[in-house]
Amino acid sequence: MSSTTVQAKYEIKDPTLAPKGKQRIEWAGREMPVLRQIQERFAQEKPFDGIRLIACCHVTTETAHLAIALKAGGADAILIASNPLSTQDDVAASLVVDYGIPVFAMKGEDTATYLRHVEIALDHRPNIIIDDGSDVTATLVKNRQHQIPEIIGTTEETTTGIVRLRAMFNDGKLTFPAMNVNDADTKHFFDNRYGTGQSTLDGIIRATNVLLAGKNVVVVGYGWCGKGSALRARGLGANVIVTEVDPVRAIEAVMDGFRVMPMEQAASLGDLFITVTGNKHVIRGEHFDVMKDGAMVCNSGHFDIEIDLKDLAERSTEIKEVRNFTQQYKLKNGKSVVVLGEGRLINLAAAEGHPSAVMDMSFANQAMACEYLVKNKGKLEPGLHSIPQDVDQEIARLKLKAMGIAIDTLTSEQIEYMNSWTVGTD
Ligand SMILES: NC(=O)c1ccc[n+]([C@@H]2O[C@H](COP(=O)([O-])OP(=O)(O)OC[C@H]3O[C@@H](n4cnc5c(N)ncnc54)[C@H](O)[C@@H]3O)[C@@H](O)[C@H]2O)c1
Ligand SMILES: Nc1ncnc2c1ncn2[C@@H]1O[C@H](CSCC[C@H]([NH3+])C(=O)O)[C@@H](O)[C@H]1O
């Protein structure tokens, strides 16, 4: 359903889902104490008064808390989906109905609708863009150069978005500041590793209900997301195999106790494949040809191109939906390959994405990054900017405090020793 009145512009599936969405948003809030404190401060200080802001994020209970915090800080904010399959329609409904935040997102929207929502967001003439994967920023740079003078800056949530921003900068096209949220320690150490680890396995289990104990699980890419996925798959009793292209990460996987081999070999061994590379076609034709009958493939990295689904379709005689988010491709060679979540992020398509406790830190970084952009308006060079270390440390301190965990502090003698060079072997 959509409304085009100036006050209540939105496009969501069904506003009557709002009560369920509100209940779920409130539940998530129990695990988001850091963002809550930031929200309370924003409500007092109103750092975003007069600021138009768009957020392109997965529309989840966690993102709801980010949007609510930004609105509390005075932002004129609207929200669109960062993935066609990840929207939680009840959350979208509640944001519109209960919190007065315009949302343009519907679970299962087609690519044309997804791209139309990007245009609607840019029509809002944002001063700040919160992006997850850089689709909005890339559209701005490609098609809306005239709006760039109005941009104070952007913030980027994920690894692939940062890769795209670096490429944009090297091309001379990133002419405004962009805050690198992904690389904050309190973001990728926890979100990419433990968040992706848990929610990826959650998505696979919700989609298939298969037992993982004893299965050969191939994790493609041993970065932050790969480490988390491999760790949690092992925890469920799977025999984990890792494939990599980076020799250092391959050694890490070996020393973490996993078998490492090229995909050419792993393809015929795996019962389940999880891609987490941010790259393209890491599983493709020659791999499908040698897979076991009934092998399952899914992606928890980035776009739906990590697995070459076009190639798979060309090798198939039939594609059948066998469960929600589970499609069986019947191959010409007589075997079948099962694709989960249409090759899009399995953790957000079939499950609910990362748990609130990790998104608390990711979105605390997002909120603080937006405030930093406003406070430093006109002073930051174009290009990528790290989250200041004191902000990262403060988020960690607040999180530990909320967890009820105390840690030690350096004594003055230790500080002096750590800053000296004269004391050595005696
Ligand atoms: N599902 C989620 O919720 C979620 C969360 C965070 C990040 N991400 C996305 O997941 C992807 C990975 O993120 P990350 O932080 O782990 O990145 P990363 O850079 O730490 O890891 C990616 C790894 O993939 C490896 N790789 C690249 N091409 C490969 C290939 N052909 N075969 C095998 N390995 C290959 C790289 O060498 C690297 O070690 C990114 O696209 C990121 O945006 C998804
Ligand atoms: N529950 C959640 N709510 C909001 N964002 C999430 C949640 N779980 C994971 N994410 C974020 O999703 C990002 C990866 S998603 C990559 C986005 C891309 N547009 C695509 O859909 O392919 C991570 O960096 C997480 O911070």
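Residues numbered from 1 in each chain as written. Chains lettered and ligands numbered in written order. Predicted model: local features only at pLDDT ≥ 70, side-chain atom pairs only at ≥ 80, totals over all residues. Heavy atoms only, no water.

A tally of regular secondary structure across the protein chain gives 18 helices and 17 strands. Across the 426 residues of the protein chain, 55% fall into the buried class. Once local pairs closer than 6 in sequence are excluded, the contacts in the protein chain between residues at least 24 apart make up 72%. Element-wise, carbon and sulfur atoms account for 52% of the exposed surface of the protein chain, whose accessible area totals about 19400 Å². Measuring between centres, the 45 positive side-chain charges of the protein chain sit 4 Å from its 55 negative side-chain charges. (Helix = DSSP H or I, 4+ residues; strand = E, 2+ residues; numbered from the N terminus. Buried < 20%, exposed > 50% of the residue type's maximum accessible area, 1.4 Å probe, protein only. Contact = heavy atoms within 4.5 Å. Areas by Shrake-Rupley, 256 points an atom, 1.4 Å probe, with all protein chains shown as cover. Lys, Arg positive; Asp, Glu negative; His and termini not counted. Charge placed at Lys NZ, Arg CZ, Asp CG, Glu CD.)

Let's shift gears to the site of ligand 1. Lining the immediate surroundings of ligand 1 are 27 residues, of which Thr-158, Thr-159, Thr-160, Cys-225 and Glu-244 lie closest. Thr-160 places a polar side-chain atom, nitrogen or oxygen, 2.5 Å from an oxygen atom of ligand 1. In this structure, Asn-279 approaches ligand 1 through a side-chain N or O atom, which is 3.1 Å from a nitrogen atom. In isolation ligand 1 exposes 860 Å². Once the protein is present, 87% of that is buried. Counting only elements with at least two residues in the shell around ligand 1, the list comes to helix H7 (159-170), helix H9 (191-208), helix H10 (224-235) and helix H15 (346-349). At 3 residues, the largest contribution of residues to the shell around ligand 1 is made by H9. Its residues placed into classes, the shell around ligand 1 shows 7 nonpolar, 16 polar and 4 charged. (Near = heavy atom within 4 Å. Polar contact = N/O pair within 3.5 Å; in protein donor to acceptor, adjacent residues only side chain to side chain. Nonpolar A, V, L, I, M, F, W, Y, C, P; charged D, E, K, R; others polar.)

Here 8 strands make up an open sheet; going across it, the order is E11-E10-E9-E12-E13-E16-E15-E14 and the pairing mixed. For this open sheet the edge positions go to strand E11 (259-260) and strand E14 (316-323), each flanked by a neighbour on one side alone. Taken together, the 2 bridges between strand E10 (residues 239-243) and E11 define a ladder with parallel strand orientation. Bridge pairing in E11 places Ile-241 opposite Arg-259. In this fold H10 packs onto strand E9 (216-220) and E10, with an angle of close to 170° to the strand it touches most, E9. (Pairing = 2+ DSSP bridges. Axes fitted to C-alpha atoms, helices over the stretch in contact; angles between N-to-C directions.)

With that out of the way, let us pick up the UniProt feature "binding site: substrate" (unreviewed entry) in the protein chain. Under the present numbering, the feature "binding site: substrate" (unreviewed entry) in UniProt falls on Thr-60, Asp-132, Glu-157, Lys-187 and Asp-191. Residue contacts for Asp-132: discarding those within four places in its chain leaves Cys-56, Cys-57, His-58, Ser-82, Glu-156, Glu-157 and Thr-158. Structurally, the position occupied by Glu-157 is in the loop between strand E7 (153-156) and H7. Setting aside its immediate chain neighbours within four residues, Glu-157 contacts Asp-131, Asp-132, Val-181, Asn-182, Lys-187, Asp-191, Met-359, Ser-362, Phe-363 and Gln-366. (UniProt positions renumbered as here; feature names shortened; annotations may be inferred.)

Count 3.6 residues to each turn of an α-helix, and residues three or four apart come out pointing the same way. An ideal rise of 1.5 Å per residue puts 16 Å on 12 residues; H7 measures up with 17 Å between its terminal C-alpha atoms. All buried positions along H7 are accounted for by Thr-160, Gly-161, Ile-162, Leu-165 and Met-168. The inward-facing, buried residues of H7 contact helix H6 (135-143), E7, strand E8 (177-180) and strand E17 (383-386). Directly after H7, the chain includes Gly-172, whose backbone phi takes a positive value near 75°. (Expected span 1.5 Å × (residues − 1).)

Note that Thr-275 resides in strand E12 (residues 272-275). Classification of Thr-275 as buried rests on a relative accessible area of 0%. Within the structure, Thr-275 has its side chain in polar contact with the side chain of Asn-299 (distance 2.9 Å).

Turning our attention to the environment of Gln-44. Following the sequence through the fold, Gln-44 ends up in helix H2 (residues 33-45). For Gln-44, a relative accessible area of 69% gives the class exposed. Sequence separation between Gln-44 and Gln-414 is 370 residues; the distance between their C-alpha atoms is 39 Å.

A few words now on the state of the cysteines. Following the criterion strictly, the structure yields 0 disulfides and no others. The thiol of Cys-56 is unpaired, and the distance to the nearest cysteine sulfur, on Cys-57, comes to 6.7 Å. (Disulfide = S-S within 2.5 Å.)

In contact at an axis separation of 10 Å, helix H5 (residues 111-123) and H6 are set at 70° when each is read in the N-to-C sense. With respect to H6, the element H5 is oriented roughly perpendicular. Judged by the twist between their axes, the crossing of H5 over H6 is right-handed. Where H5 approaches H6, its residues Tyr-114, Val-118, Glu-119 and Leu-122 are matched on the opposing element by Asp-135, Val-136, Thr-139, Leu-140 and Asn-143. Looking at the contact of H5 with H6 residue by residue, the classes come out as 5 nonpolar, 2 polar and 2 charged. (Parallel < 35°, antiparallel > 145°, perpendicular 65-115°, else oblique. Left-handed = near helix turned anticlockwise from the far one by under 90°.)

Before going further, it helps to examine the environment of Ala-43. Residue placement: Ala-43 occurs in helix H2. Distance in space between the C-alpha atoms of Ala-43 and Ala-69 is 7.8 Å, their sequence separation being 26 residues.

In this section: the site of ligand 2. Not every one of the 20 residues close to ligand 2 is listed here, only the nearest: Thr-60, Ser-82, Asn-83, Glu-157 and Asp-191. Contacts to ligand 2 include Asp-191, whose side-chain N or O atom sits 2.6 Å from an oxygen atom. Measuring from an oxygen atom of ligand 2, one finds a backbone N or O atom of His-302 at 3.4 Å. Protein chains shield 96% of the accessible area of ligand 2, which is 570 Å² for the free molecule. If you list the elements that add at least two residues to the shell around ligand 2, you get helix H3 (61-72) and helix H16 (356-375).

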